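Below, each chain spelled out in residue letters.
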Amino acid sequence: MASDLLKKPLKLALVQMAAGADKPANLQRARTQVLEASKAGAKLIVIPECFNSPYGTQYFPKYAETLLPSPPSREDSPSFHALSTIAKEANAFLVGGSIPEYSPATKKYFNTSLTFSPSGDLLATHRKVHLFDINIPGKITFKESEVLSPGNKVTIVDLPEYGKIGIAICYELRFPELAMIAARKGCFALIYPGAFNTTTGPLHWELLARARAVDNQVYVALCSPARDMDASYHAWGHSLVADPNAEVIAEIDEKEGIVYAELNGERIDEIRKGIPIYKHRRFDVYPDVSEGDIKYEE
Ligand SMILES: NC(=O)CC(=O)C(=O)O
């Protein structure tokens, strides 16, 4: 029996690519690796957070592109046009990691993810809602809000013929509310382009992916850049997929490569039938965060 959440099996690929200082080279690298994933049969392909630039507040203004009005011109956003073309060439849904965005209207910068259909049409834009501002003395200090402004919407994307996915970026994995809202609005998977680091990654990356999966009984996919020890930010890597039972079903180390997983709606149904938390919730005792005044894009 086909699942209501994911109507047919879907091959997912996470492209853990290296992203350096040369933007055209990053775009070319994304193309080569996305096409490789599509040749292997992937129909939903994800690339990492900040795939067109090094990750760091000092780089965002230089690499930022203007996305509005949409579609932007090729001069305003070479990455938008590259992603649209790559999705079409790959004949796959493409979650285009994220890029630094500049809005001339508001004079603000954002960390923005664009998702394209297999025909190259833009399906969704997600601006990182929770900015990564942390200070772990002696280890890592990072303050996205020095340069970036936050987005203000939950993003849910309908993939025709398959079902819905929730999209959020990196640090947002730490906010269970976003995941709960997307899952309760009917998503079969939560997709996070992300770039944890060698301080937070070892303890939190897999833990949080498995936590969001077990909380919500959905697939969770995290796609990181490959680690570059010459860069100012050392990405954790370890792109992975957790299944609805919180089992890691595919994972890579810190080097470049592609992670594949078959997503199956019947697996979600089976897990929800065995442990029916969806039926046991007590919204007479506590509120349902997926109801009420939520700003989301669907
Ligand atoms: N880079 C991020 O947005 C988040 C991260 O590294 C962490 O939460 O840890």
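The structure presented is a predicted model; accordingly, all values stated were derived computationally and were not measured.

Notes on the UniProt feature "domain: CN hydrolase" (unreviewed entry) in the chain
Link 1 in the chain: UniProt's feature table lists "domain: CN hydrolase" (unreviewed entry) at residues 10-265, given in the numbering used throughout.
Link 2 in the chain: Secondary structure across residues 10-265 comprises 23% helix and 30% strand; the distance between its end C-alpha atoms is 9 Å.

What about the nonpolar core?
Link 1 in the chain: L44, I165, F188, V241 and L263 are the most contacted members of the largest nonpolar core, which has 28 residues in total.
Link 2 in the chain: Listed by contribution, the elements that provide at least two residues to this core are β1 (10-16), β2 (44-46), β3 (93-95), β9 (154-159), β10 (163-167), β11 (187-193), β12 (219-223) and β15 (257-263).
Link 3 in the chain: If we ignore the near neighbours within four places in the chain, the residues touching V241 are L12, L14, Y219, V220, A221, E247, V248, I249, A250, A261 and L263.
Link 4 in the chain: Listed in part, the 27 residues of the second largest apolar core include W205, L240, A242 and I294.

Observations regarding the pattern of salt bridges
Link 1 in the chain: Across all of its chains, the model carries 15 salt bridges by this definition.
Link 2 in the chain: Salt-bridge contacts for E144 lead to K128; the nearest nitrogen and oxygen are separated by 3.1 Å. Taken together, the positions of E144 in the loop between β8 (140-143) and β9 and K128 in the loop between β6 (122-127) and β7 (133-136) put the pair 16 residues apart, joining distant regions of the chain. Judged on exposure class, the residue E144 and its partner K128 are both buried.
Link 3 in the chain: A salt bridge links D284 to R282; its shortest N-O distance comes to 2.8 Å.
Link 4 in the chain: What makes D284 exposed here is its relative accessible area of 61%.
Link 5 in the chain: Judged by relative accessible area, which is 42%, R282 ranks as partly exposed.
Link 6 in the chain: One salt-bridge network, held together by shared partners, links E49, K128 and E144.

Criteria and cut-off values
- Residues numbered from 1 in each chain as written.
- Predicted model: local features only at pLDDT ≥ 70, side-chain atom pairs only at ≥ 80, totals over all residues.
- Heavy atoms only, no water.
- UniProt positions renumbered as here; feature names shortened; annotations may be inferred.
- Helix = DSSP H or I, 4+ residues; strand = E, 2+ residues; numbered from the N terminus.
- Core = buried A, V, L, I, M, F, W, Y, C linked by side-chain atoms within 4.5 Å.
- Buried < 20%, exposed > 50% of the residue type's maximum accessible area, 1.4 Å probe, protein only.
- Contact = heavy atoms within 4.5 Å.
- Salt bridge = Lys/Arg side-chain N within 4 Å of Asp/Glu carboxyl O.

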